[in-house]
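Chain residues, written in single-letter form:
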Amino acid sequence: GTDTSCSLSSDTLIYGGSLNSINIGAFRAITCGSSGKILRSELSNYRIWDNVQSGTAEDLNDIDEFALIVYIVGNSGTILKSTDEGETFFQLNSGTQLNLNEVQCLSYDSIRIAGDSLLSLLSTNGGNTWIRQSVYQQGEDASGFRVDLKALHFINFNTGWTAGDHYVFKTSNGGLNWSTRFKQ
């Protein structure tokens, strides 16, 4: 049979930094990590990995794709986009210097990002502009309240969850309002 296992061994990849996220597509894999590192491999049992120029020295925290468009988010508001399956990347303006920790592509145009200090970013035009949505419960005093959002998951444009530190928040209206679903 055909060996379809995916393994990285010391003879195929030597990199001293940390790798933080990986995206496996139909024909290639892309991983990102510390100090702006992006590696890409074609479907060949993922044994040969090529460096891809990121244009940043910031740590890159997460990667996602939709319809061969790839997004990577990282520290200091870094958002990278590729329109050629991760062969090249260009930087988008996030409008923030906060760390961005996770990205989810819901469609070709709709992208969600979770970041530090209760930051949620939404783009409805493929990353050209970003809408800043603060995640806190309506009526709550958010002064001095800091939660670094590390994860998010939307099941459609309106309904999603985000989590960080000791909290889980949910929205049912596209991020306009959030409710605390878990607090430790």
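Structural data are supplied above this passage.
Described below are features of the structure shown in this document. Just so we're clear, the structure is a prediction, and the values are computed from it rather than from any experiment.

Take the side chain of R112 next. Along the chain, R112 turns up in strand β10 (residues 111-115). The side chain of R112 sits in the buried core without any salt bridge; D64 is the nearest counter-charge, 11 Å away. Reaching out from R112, the side chain makes a polar contact with the side chain of Q133 at a distance of 2.7 Å. One polar contact links the side chain of R112 to the main-chain carbonyl oxygen of G174, over a distance of 2.7 Å.

Once that is clear, we can look at the side chain of S41. Mapping S41 onto the fold places it in strand β3 (residues 38-42). S41 gets classed as buried once you look at its relative accessible area, which sits at 0%. Within the structure, S41 has its side chain in polar contact with the backbone oxygen of I48 (distance 2.8 Å). Once residues lying within four places of it in the same chain are set aside, the contact partners of S41 are F27, R28, A29, Y46, R47, I48 and W49.

Before going further, it helps to spend a moment on the environment of D59. The residue D59 is located in the loop between β4 (50-52) and β5 (60-66) in this model. Take D59: its relative accessible area is 28%, and that puts it in the partly exposed class. Note: C-alpha distance between D59 and S34 (25 residues apart in sequence) is 4.1 Å. Among residues more than four places away in sequence, those in contact with D59 are G33, S34, S35, G36, G74 and N75. Here the side chain of D59 touches S35 through a polar contact of 2.8 Å, landing on its backbone nitrogen.

This paragraph deals with the pattern of salt bridges. Tallied over the full model, the rule gives five salt bridges. We note a salt bridge from R28 to E65, for which the minimum N-O separation is 2.8 Å. Here R28 is found in strand β2 (residues 28-33), whereas its partner E65 is found in strand β5, with 37 residues between them in sequence. It is possible to trace a salt-bridge network through shared partners that takes in D116, R146, D148 and K150.

Moving on to unusual backbone geometry. Non-glycine residue L68 carries a positive phi angle of around 75 degrees. Positionally, L68 belongs in the loop between β5 and β6 (69-74). Take L68: its relative accessible area is 42%, and that puts it in the partly exposed class. For L118, which is not a glycine, the phi torsion comes out positive at approximately 60 degrees. Position of L118 relative to the elements: it lies in the loop between β10 and β11 (119-123). For L118, a relative accessible area of 4% corresponds to the buried category.

Cut-off values and rules
- Residues numbered from 1 in each chain as written.
- Predicted model: local features only at pLDDT ≥ 70, side-chain atom pairs only at ≥ 80, totals over all residues.
- Heavy atoms only, no water.
- Helix = DSSP H or I, 4+ residues; strand = E, 2+ residues; numbered from the N terminus.
- Buried < 20%, exposed > 50% of the residue type's maximum accessible area, 1.4 Å probe, protein only.
- Lys, Arg positive; Asp, Glu negative; His and termini not counted.
- Salt bridge = Lys/Arg side-chain N within 4 Å of Asp/Glu carboxyl O.
- Polar contact = N/O pair within 3.5 Å; in protein donor to acceptor, adjacent residues only side chain to side chain.
- Contact = heavy atoms within 4.5 Å.

So far we have only geometry, and geometry alone does not tell us how the molecule works.
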